[in-house]
Amino acid sequence: MKRETDLPPVPLGSEGVEDEVRRFESILAAEYERKKEECRLIRERALLHLSEMERESLRIAEDEWTGKEHALESTFYDFDTGHGAGDEETRGAPSRGRGCLRGRVGAGTSRDRSDVASAVRGGRIMIRDMVRLSLWGVQSKKKEIVRELFALGVLHLDQDTPSTAEDDGTFNSLKLLRGKVLGLIEALGWDGWNSLREEDLGASETSLLDLSSAETVHEIDRSLEAFTSRLASLLAEAKEKDDLLDRLNRSEEVLRKFTPFFSGKAPSETEEDSLWWVENGDAPALVASLAAALDGGERHEAVSSHFVAGKESFGLLGLRTSLSAASIVRRVASESGAMPWRPPEYRDAPPPFGKLLPDVQRAIEGLSARRSAIEEELRTAALQWGPRLAALYLFIDEKTEEASVEAQCRGSEESFSIGGWVPGDALHETARRMEERFGTDVLMQWRLPGEDEWKDVPTALKNAPLASPFELFLRLLRPPTYDGVDPTPMVALFFPFFSGCMIGDVGYGVLFLLLALWLKGRKLPVLRDVAAILTHVALWSILWGLAWGEFFGDVGHRLFHMKPLLVERTQGILPVMIFTVSLGLFHVLLGLFIGLCQGVRHHHRHLWMEKAGNMLFLIGLIVAILFLKTRLPKELFTVPVSFLVIGIALLVGGGGIGGIVEAFGSIGNVISYVRIAAIGLSSAILAMVASKFTDVLGLSVLGLILAFIIHLLNLVIAIGGSSLHSARLHYVEFFGRFYSAGGKNYTPFRKRSGLTWKKR
Amino acid sequence: MEKAIIALAAAMAVSIPAIATAYAQAKIGSAGAGSVAEKPETAGTIIILEAIPETMVILGFVVAIMLILQFA
């Protein structure tokens, strides 16, 4: 089998490419000459004066230059190889011989890149071929180049490149500003991220795109200043009003409870009303103490009191006494541990409590009106500012990401370099765009990944539109390794087939189809994927419904004399079970076959031996059972026995005792497919039970309602159960035979657009 | 009488593994919920783990059907 590294190198014939390389070399050479001249001058001065200090300067300058010289060398050579500095294979100008370099474009050259796509075609199965891209650019254009890469959105950066972003003041300011804008959005209570339009984002970009990062921070900060302070004052006022309103509401409640007591008899000018917090059991004692205190002073005054117990251990005691006894009341109450109660607005001198209620109610009305006005103002501000702030947040977020990527670039004062992985099919467009935009200011090189690098290459799935919604199932797992197999097309085929077989009802299938059509119009991409999957499941449900002869259970049979094309599930349990086990056998064997191919492809002897042994073992076992159960010629019984023996030998050779255990596990996996029959049977019986209600209760309203409820329940169980079990059959029984989930997700550095923008 | 014993045997063949499956799924489910709350990317693994004990009840179902078809 042809390996990646055996592919012929992409021809590098253009003179323009060599010109570009020579230009970069001349930049390095000029740097070298300048530093050399610097050293020479310092040396001459030092020699003239011969002071200790200048000797030391000379030594430092020489050391510094030696370090820079190495750094410049490694910047140019080391980056592309990925194998450490000084890799002789790639050192020097454009490689024509063997080595890692496969292609090189100095943008602005006339190099024909039409061979790029064919060169990177590596025969991967449903996984996009990736190329290692290295890019050099002049330092003065770094920002624009990074921005262009960001707009292209295809470069997956190396995750292990150390970033110095945390030490960068602008980066930190951007992060701070991003947090501030997000804080404002949350304070506004705006959450319309899904309704955000491209135009909203465009407005922010147009006004700020030409500014540097530092200027952007300053400009945004300045423009948000007035809004921030207005919003803060509105929110503070809203909070203050809420607190006061809460307290007044509680006062109103208290006053309502004491209105009959205080208003029953209006206090004369010589009387005083008061309210006291007392413990629930202490009120009678306090009233008695007060009466005693007043009698002791020979005042012979009556004490009017009313107690309302609170929800917890405290209650309120209302007292009406003469004005002259006020000091005695305060003293006695204080001695009894009571606390005076005052409404919040009238702490110092409350009017008589009987007249206070209308005042408190008026205050509540006034506050509520102001609170509503603030709420309205905030709502208007949210509608007006929410989308703008969200667009601004996304703009700053992108700027922050750009700043972080810029900090990851390596290089010298004159040039910088950046690298990562790009899908082979996007390389041509990337090179073309960079060439058009930056002309001679960038140099790009690419190569195919070496076998030792496959573990680091990100995995990007590539499926036909019909199968791509089923990639959803792989999102629950780590992606397959770059050299692995993407099982999405097989999931697209078998998942709806199994689910449809379990549901197996024309009526339910039609309802699911309608549900899928409704979901298809939704905005969220994941819902559209679900709609596509549901459409497949619904179509298979209808087909299987015809095969089993079911339309809302036996309603089809009762109304239209519907007959099953294959067999009625509730009557032919055994044939259905045998069919599902056969289906399982085929599915498991398919998984083993893919595993076998993987083993052969990657020369993993143990892997392919184990998979082949497992296949032979299963086939041998099934054929042996067939021989025993049917009238096949007994002379040929040696065939399945041979299969079994060879299978066991391969299993032991491939995986030792573990291989034998694995083979018995496979038998369990095959039997596990009986669940398709079991769940289908339960679904069919439940649908029939629903129809029975109309038999028992007749065509009454109650009978129809009960039948409808049972069908609804069955519908939910059908879609939930069939999806879960079908997914499980794939995850456990099928993927377990070949899937290697050790890949890295392909996450290119790019703009967020469409509905993918969300708060991070 | 014989039919009743067969029916009881079939019922036990399903119910005992069903109880065992329910117990195992309850344990896995509670641990899985915690795991998904901490690390949402483990959802796929948890679904797989949650579904594994169901094999017991499926095998119980097969045994019950065989009992009924063979002896009833």
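A closer look at the overall build of chain B
Scanning chain B for helices and strands turns up three helices and zero strands. Listing each helix as α and each strand as β along chain B from the N terminus yields α-α-α. The contacts of chain B with a sequence gap of at least 6 include a subset with a gap of at least 24, amounting to 76%. Total accessible area on chain B is roughly 4,500 Å²; 75% of this is exposed by carbon and sulfur atoms.

A short note on the nonpolar core
The biggest cluster of nonpolar side chains holds 67 residues, and the ones touching the most others in it are Phe-473, Phe-495, Phe-498, Ile-676, Tyr-731 and Phe-735 of chain A. Looking at this core, the elements that each hand over two or more residues are helix H12 (488-503), helix H13 (506-520), helix H14 (525-548), helix H16 (573-601), helix H17 (605-629), helix H20 (674-697) and helix H21 (701-734) of chain A together with helix H3 (54-71) of chain B. Top element by residues in this core is H12 of chain A. It accounts for ten residues. Leu-157, Trp-421, Val-422 and Ala-426 of chain A belong to the second largest nonpolar core, which has 34 residues in total.

A few points about the interface of chain A and chain B
It is common to give the size of an interface as the accessible area lost on bringing the parts into contact. The partner chain B presents 16 residues to the 16 residues of chain A that form the contact. For the pairing of chain A and chain B, the buried interface totals around 1,400 Å² over both sides, and the portion due to carbon and sulfur atoms is 82%. For the chain A face of the interface with chain B, the top three residues by lost area are Leu-476, Met-577 and Arg-728 of chain A, together amounting to 32%. Linking chain A with chain B are one salt bridge, by the criterion used here. Salt-bridge contacts for Glu-54 of chain B lead to Arg-675 of chain A; the nearest nitrogen and oxygen are separated by 3.2 Å. The tally of links from chain A across to chain B stands at three residue pairs in polar contact (both at pLDDT 80 or more). Among the secondary structure elements, those contributing two or more residues to the side of chain A that touches chain B are H16, H20 and H21 of chain A. Examining the composition of the side of chain A that touches chain B, we find that five residues originate from one element, H21 of chain A, more than from any other. Residues belonging to the side of chain A that touches chain B are distributed by class as follows: twelve nonpolar, two polar and two charged.

A word on the environment of Trp-193 of chain A
With respect to the helices and strands, the residue Trp-193 of chain A is situated in the loop between helix H5 (169-188) and helix H6 (198-208). C-alpha of Trp-193 of chain A to C-alpha of Ala-391 of chain A: the two residues are 198 residues apart in sequence and 9.4 Å apart in space.

Looking at the pairing of strand E9 (residues 415-423) of chain A
Residues and elements named next belong to chain A. Most of E9 is tucked away, with nine of its nine residues classed as buried. Pairing of strand E2 (residues 130-138) with E9 involves nine bridges; the strand directions are antiparallel. Within the sheet, the bridge partner assigned to Leu-135 lies in E9 and is Ile-418. In this structure, strand E3 (residues 156-157) lies alongside E9, joined through two bridges in antiparallel fashion. Note that in E9 the partner of Leu-157 across the bridge is Gly-420. Note that strand E8 (residues 410-411) and E9 share two bridges and pair antiparallel. When the sheet's bridge partners are listed, Arg-410 is paired in E9 with Ser-417.

Considerations on the environment of Ser-412 of chain A
Residue and element names in this part refer to chain A. As for its placement among the helices and strands, Ser-412 is situated in the loop between E8 and E9. Judged by relative accessible area, which is 17%, Ser-412 ranks as buried. Along the backbone, Ser-412 and Leu-28 are 384 residues apart, and their C-alpha atoms lie at a distance of 9.6 Å.

What about the packing of H12 of chain A against H16 of chain A?
Residues and elements named next belong to chain A. With their axes 13 Å apart at the nearest point, H12 and H16 run at an angle of 165 degrees to one another. Here H12 is positioned roughly antiparallel relative to H16, judged by the angle of their axes. Remark: the crossing between H12 and H16 carries left-handed chirality. Contacts between H12 and H16 involve Met-490, Phe-494, Phe-497, Phe-498 and Cys-501 on the former and, on the latter, Phe-579, Leu-583, Phe-586, His-587, Leu-590 and Ile-594. Of the residues contributing to the contact of H12 with H16, the split by class is ten nonpolar, one polar and no charged.

Some thoughts on the pairing of strand E5 (residues 304-309) of chain A
Residues and elements named next belong to chain A. Pairing of E5 with strand E6 (residues 314-322) involves six bridges; the strand directions are antiparallel. Residue pairing for E6: Phe-307 is matched across the bridge by Leu-317. Here E5 folds back onto E6 in antiparallel fashion, the turn holding four residues.

Considerations on the packing of aromatic side chains
Residues and elements named next belong to chain A. According to the stated counting rule, one finds 24 aromatic pairs over all chains in the structure shown. Seen from their ring centres, Trp-544 and Trp-548 are 5.0 Å apart, and the 25 degrees between their planes marks the pair as stacked. Here Trp-548 and Trp-544 lie together in helix H14, a separation of four residues that amounts to about one turn. Classification of Trp-544 by relative accessible area gives buried; the value is 8%. We classify Trp-548 as buried; its relative accessible area is 3%. Relative to Phe-664, the ring of Phe-617 has its centre 5.7 Å away and its plane inclined at 70 degrees; by these criteria the two rings are edge-to-face. Of this pair, Phe-617 sits in helix H17 while Phe-664 sits in helix H19 (residues 657-671), and the two are 47 residues apart along the sequence.

Notes on the sheet that holds E6 of chain A
All names here are of chain A. Sheet architecture is open: four strands sit in the order E5-E6-E4-E7, paired in antiparallel fashion. Two strands in the sheet have a free side with no partner beyond their single neighbour: E5 and strand E7 (339-340). Direction of pairing for strand E4 (residues 271-279) relative to E7: antiparallel, over a ladder of two bridges. Across the sheet, Trp-276 pairs through a bridge with Pro-340, a residue of E7.

Regarding helix H1 (residues 2-38) of chain B
Taking 1.5 Å of rise per residue, the 37 residues of H1 of chain B would be expected to cover 54 Å, and the 54 Å separating its terminal C-alpha atoms lies within 8% of that figure. Buried positions along H1 of chain B lie against helix H2 (43-51) and H3 of chain B.

A short note on the confidence of the model for chain A
Residues and elements named next belong to chain A. Averaged over all residues, the pLDDT of chain A is 79; the fraction at 70 or higher stands at 78%. Across chain A, element-level confidence peaks in H12 with a mean pLDDT of 95 and bottoms out in helix H3 (residues 115-120) with 50. Here residues 70-102 is a poorly scored stretch, pLDDT under 50, and it has 68 contacts once near neighbours within four places are set aside; other chains count. For residues 107-115, every residue scores under 50 in pLDDT, and the model assigns this stretch 29 contacts once sequence neighbours within four places are set aside.

Rules used throughout
Residues numbered from 1 in each chain as written. Chains lettered and ligands numbered in written order. Predicted model: local features only at pLDDT ≥ 70, side-chain atom pairs only at ≥ 80, totals over all residues. Heavy atoms only, no water. Helix = DSSP H or I, 4+ residues; strand = E, 2+ residues; numbered from the N terminus. Contact = heavy atoms within 4.5 Å. Areas by Shrake-Rupley, 256 points an atom, 1.4 Å probe, with all protein chains shown as cover. Core = buried A, V, L, I, M, F, W, Y, C linked by side-chain atoms within 4.5 Å. Buried < 20%, exposed > 50% of the residue type's maximum accessible area, 1.4 Å probe, protein only. Buried area = accessible area lost by both parts, 1.4 Å probe. Salt bridge = Lys/Arg side-chain N within 4 Å of Asp/Glu carboxyl O. Polar contact = N/O pair within 3.5 Å; in protein donor to acceptor, adjacent residues only side chain to side chain. Nonpolar A, V, L, I, M, F, W, Y, C, P; charged D, E, K, R; others polar. Pairing = 2+ DSSP bridges. Axes fitted to C-alpha atoms, helices over the stretch in contact; angles between N-to-C directions. Parallel < 35°, antiparallel > 145°, perpendicular 65-115°, else oblique. Left-handed = near helix turned anticlockwise from the far one by under 90°. Phe/Tyr/Trp six-rings, centres within 6.5 Å; stacked < 30°, edge-to-face > 60°. Expected span 1.5 Å × (residues − 1). pLDDT = per-residue confidence, 0-100.

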